Structure formats: C-alpha cells, structure tokens
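# An overview of the molecular structure
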Amino acid sequence: MPDTPSNITPLAWPLVAPKRYNPEDFDEFEHYQLNVGPVDEFGDLAECPPTIRNIGWTLGNDCPYRCNHCYSMNARVKGADMEEWMVDRIVDELSGIGVETVNLGGNEPLFTNGANPVNTKLPYIIKKLVDAGIIVGLTTSGVTLLRLYRDHRESFDLLNDIDISFDSPFEDEHNKNRGARIYNQAIESMKIAQKENKPHTAIMCGMKWNFSIPHIEAIVALAKEYDANVRINPVKPVQPEHMEIALPAEMYYEGFARLLELCDPVDLGEPPIAAMTDFAGAKRCPCGRTSFRIHSITPEGQIYASPCVYLHDYKAPLDLLQHSLKDIINTPQFRVFRQRNQNPDQIDGCSGCELLAQCGGGCAGRSYLQHMHTESERSMRARDPYCPKDVAPGFTYPQQPVIRSEQRLVHQDYLCTWIGRPK
C-alpha cells in the first residue's frame, strides 16, 4: 500500500473564493417537495429524443460510512424498506422501455433494508435484473462485494462489472475521508475481481485535495497492479460546503491531461475533455437522454427518479411504484435536460462557440449546482464552470482519440464521467 508522499498539498492550485450561496437559504431536503428546479427556460424549443439505455439505482437508505463529499446523503431518509413486489415492478418498467444496463450504487448497495446485512434484498434485485436480460454493475467501497462473494456467490457471479471506490490511493487519506478504516476492503475487492476475471474499475471522485498529479499517478498505478480500469468523477457540489473541495479549473485540466498520458480512453463522458480532444464520438451530457437515476425509497414508501444523480431538484413528481417510466421520462423535469442537450446555443455564453458540438455547454449537473451556489440562482441555462473557452487550458491533449471497447461497462454513456485503461 503506497504511503502518502510528503510533498502533496491539498491546495495544489489557488482557488478564488466564489460568491457563496447563503447556507441559511439552502434546505438540503427541499427537493422532496418536488417541482423545485426550473423547467421552462427553453420554452417550446425542440428536445433530443430519449433513448434511455443506462441507469443507476440507489437501493437503500442506510450506509455505515460518512464520506465528506457524499452526494446521496440528502436524497435518502430512513423509514421504509424495499419489498419484493416493488423490485418486480421496477424491473418490469425498466425492461419495458429497453434499459440495457443498471448500476447499483448511490449508497452501499448491500444495505437495501437497514444496516443489518441479513435483511438485504440485493441478491433478489440482481437476479431479477439479470433474468430480465439487463446487464448489472455494482459500485461499492468494498463491503458489498465482499459480502456477496462470501455469502451470495451466485449473485456475485451474475455481475457484469464492478466499480470499487477510492477517495485516495493512499490508505490514511482514504480512511480519514470515509470515517472508517476500510481501505483494505477496497484492495481485497480489487484482488477478488482480478482473480475471478470480472471487469473492474478503481473509481475516484476528483476533489481539490486528491486530484494532484501524485494522486493521479498513484491511482493509475494501483489500477494497473490489479488489471483494472480507472474512472474519475469530478465532485459535483450537491451541498454548499462541497464548493470548498470542488476542483479549480486548471487543476481539472492538468489532471485529465496527465490521465490521458497514462491511460487509453474507454469513455470520454466529461464534455469539456471530449471537446479538448476533438473526440468524434462526443454525445454531450447523457442525463435524461440515455440515462437517469432511481432514488431510494422515501419514508412514505415512494420511489422517485431524476434525469441526473446529482440534481435532486429534478425528481419527476410521479411515484415509480404508481406511474409508468414512459410517463416519468416525459415529464418537464426530464424534457428540460433534453432541451438543453438539443439547444446548447441557448446556454448562457455558449452561442457561436466552435466547441459547442462536442461540449454542449458541459455537464448539466455541475453547471446547475455551481451556478446555484455562486450566483444564488437555479438555472438550466448555466454553462460549465470548466468551459474550455473561458479557461483556455495550456495543456496538451491527444487529438481524435480511439476508444478502447473490449469491455461493456455500465458507466459508459451514463453520467458525465471519464474512464481509462492504464497503458
């Protein structure tokens, strides 16, 4: 296990203090009231067609860890458990609209029904999805995979691929941010996936303190040691305090430039990076277009979906246990994402940009959230704070890269994310 280099500083780049969204004005549970985010900013403009194929599903309301950057903590409230009839209905709905892949994550997927693993419905959920012909992936800090491998081997064998979460490639930092000594669980999970020849990925949420060049080189080396991919999600500031750990723009671009030196791309789902590489296969933000998120059950026994895992404000106001996914996908909360995708010239400051076809105004979730926290305004017309034209990054990127496609991974074209394969 690598030691943290002594030359690492969490402030590798200076961050100009933004105008702060007044925390007193921010209610982290307001989204449960529904109809929070604006849906009419694009008027009657056309939308791109919905071709939903890849979704995420947050299964439960409990998690033994308290990660400082957690994006789902304010979207899960304890009180109700999953029942098999609910699972059956949701799987039927997913199958009915042609969903191809499901990632089980959001919190630790093992804890579908409280903190006692004995009560988990995870094996049942995995089997139902696979029986319906849907590819299933898992995102875990390690504990879910270890429990499946030990106690539910058939369920482990049914998984298509596994994302194993690291907050840092360095043990002390990882454990500190997780609030538990669980680094060894992540390493053991990597070893199991490698031994069983199960496609697996080391996933790291890119933050100001963990996206330095030494961190990036270490996470790539760790992935290479265990024959894994690397996936990076730059942190999205779901809550105001997350702005303190958001990546400065130059750090974002320097980090991805180094990643593209060390790895062959598997998915260039970060729109600004797709633009900087002149990637011919760029599809812009997938939210509401090819992907969406099913949120965990509410205390009242309802299950909602939103186009973006990070934008809880855009929960469609229709309970999935009572309404069809076809109706949910056609709500204004989903349509506005597709309007944004289809009409990027309507995003503030984007009209006429030569990178627009690939960038499309950037990540909708990051744009919305950072604009909300810095400008005290909710808007789907905000552009990405990492706008390559604004930042003009001075780093070299490979041009027109070819995507490695030997594996089918559930996070491809789901989320604005980046996946690479160590060279």
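Notes on the structure in this doc start here. (Residues numbered from 1 in each chain as written. Predicted model: local features only at pLDDT ≥ 70, side-chain atom pairs only at ≥ 80, totals over all residues. Heavy atoms only, no water.)

## Description of the pattern of salt bridges
Using the criterion set out here, one finds 24 salt bridges in the structure. Between D413 and K283 there is a salt bridge whose closest N-O contact spans 3.9 Å. One end of the pair, D413, is in the loop between α14 (388–391) and β10 (418–422); the other, K283, is in the loop between α9 (271–276) and β8 (291–294), with 130 residues separating them in the sequence. On the basis of relative accessibility, which here comes to 18%, the residue D413 falls in the buried class. Of the charged contacts in the structure, one is a salt bridge between D384 and R366, with a shortest N-O distance of 2.7 Å. One end of the pair, D384, is in the loop between α13 (364–375) and α14; the other, R366, is in helix α13, with 18 residues separating them in the sequence. The exposure class of R366 is buried, given its relative accessible area of 0%. (Salt bridge = Lys/Arg side-chain N within 4 Å of Asp/Glu carboxyl O. Helix = DSSP H or I, 4+ residues; strand = E, 2+ residues; numbered from the N terminus. Buried < 20%, exposed > 50% of the residue type's maximum accessible area, 1.4 Å probe, protein only.)

## Considering the pairing of strand β5 (residues 200–206)
Both faces of the sheet carry side chains from a regular strand, because those side chains alternate between them. Burial within β5 is extensive, with seven of its seven residues counted as buried. Across the two faces of β5 the burial is the same, with H200, A202, M204 and G206 and T201, I203 and C205 all buried. Pairing of strand β4 (residues 161–165) with β5, which is carried by four bridges, proceeds in the parallel orientation. Looking at β5, one finds that I162 is bridged to H200. In this structure, β5 lies alongside strand β6 (residues 229–234), joined through six bridges in parallel fashion. Paired with G206 across the bridge in β6 is P234. In this region the chain leaves β5, passes through helix α7 (residues 213–225) and returns to the parallel neighbour β6; the handedness of that crossover is right-handed. (Pairing = 2+ DSSP bridges. Right-handed = clockwise from strand over helix to strand, strands pointing away.)

## Brief notes about the packing of aromatic side chains
Under the criterion given, the structure shown has 11 aromatic pairs. Between Y149 and F156, the ring centres sit 5.0 Å apart and the planes meet at 75 degrees, which makes this aromatic pair edge-to-face. Since its relative accessible area comes to 0%, F156 is described here as buried. Their ring planes at 75 degrees and their centres at 5.5 Å tell us that Y314 and Y368 sit as a pair that is edge-to-face. (Phe/Tyr/Trp six-rings, centres within 6.5 Å; stacked < 30°, edge-to-face > 60°.)

## Comments concerning the state of the cysteines
By the definition in use, this model includes zero disulfides. Take C350: it sits in no disulfide, and the sulfur closest to it among the cysteines is that of C387, at 6.1 Å. Looking at C350, the relative accessible area reads 7%, which means it is buried. The cysteine C353 is free of any disulfide, with C387 supplying the nearest cysteine sulfur at 6.1 Å. (Disulfide = S-S within 2.5 Å.)

## Thoughts on unusual backbone geometry
At S376, a residue that is not glycine, the phi angle is positive and equals roughly 55 degrees. Its place among the elements puts S376 in the loop between α13 and α14. Judged by its relative accessible area of 49%, S376 falls in the partly exposed class. Positive phi, normally seen in glycine, also occurs at L415, with a value near 75 degrees. Among the secondary structure elements, L415 is positioned in the loop between α14 and β10.

## With respect to helix α5 (residues 171–178)
Most of α5 is tucked away: six of the eight residues are buried. Buried within α5 we find E171, E173, H174, N175, N177 and R178. If you follow the buried residues of α5, they end up packed against β4, α6 (183–195) and α7. Note on α5: the residue one or two positions beyond its end, G179, has a positive phi of about 70 degrees. (Contact = heavy atoms within 4.5 Å.)

## What to know about the sheet that holds strand β7 (residues 263–268)
Ordered in space as β7-β10-β6-β5-β4-β3-β2-β1-β8-β9, the 10 strands form an open sheet in which the pairing is mixed. Among the strands making up the open sheet, the edge pair consists of β7 and β9 (305–306). Pairing analysis gives four bridges linking strand β2 (residues 101–105) to strand β3 (residues 135–140), with the strands arranged parallel. Bridge assignment links V102 to a residue of β3, and that residue is V136. Of the strands in this sheet, β1 (54–58), β2 and β8 are in contact with helix α1 (residues 84–96), which crosses β1 at around 165 degrees. Where helix α3 (residues 143–151) meets the sheet, it contacts β3 and β4, and its direction lies at approximately 125 degrees from that of β3. (Axes fitted to C-alpha atoms, helices over the stretch in contact; angles between N-to-C directions.)

## Overview of the layout of surface pockets
Space inside the second largest pocket adds up to approximately 400 Å³. Residue lining of the second largest pocket: 27 residues in total, with D267, G281, K283, Q412 and D413 positioned closest to the centre. Of all the secondary structure elements, the ones that give two or more residues to the lining of the second largest pocket are β7 and α9. Residue contributions to the lining of the second largest pocket peak at three residues, all from β7. Grouping the constituent residues of the lining of the second largest pocket by class yields 10 nonpolar, eight polar and nine charged. (1 Å grid on protein atoms, 1.4 Å probe; cavity = no way out; pocket = protein on both sides within 12 Å on 5 of 7 lines; lining within 4 Å. Points joined across faces, edges and corners; volume = space filled by probe spheres on them. Nonpolar A, V, L, I, M, F, W, Y, C, P; charged D, E, K, R; others polar.)

## Some words on the pairing of β10
For β10, the buried fraction is high: five of the five residues fall into the buried class. The two faces of β10 match: W418, G420 and P422 on one face and I419 and R421 on the other face are all buried. Sheet topology places β6 next to β10; three bridges connect them, and they run antiparallel. Looking at β10, one finds that V230 is bridged to G420. Note that β7 and β10 share five bridges and pair antiparallel. From the neighbouring strand, D267 faces β10, where its bridge partner is I419.

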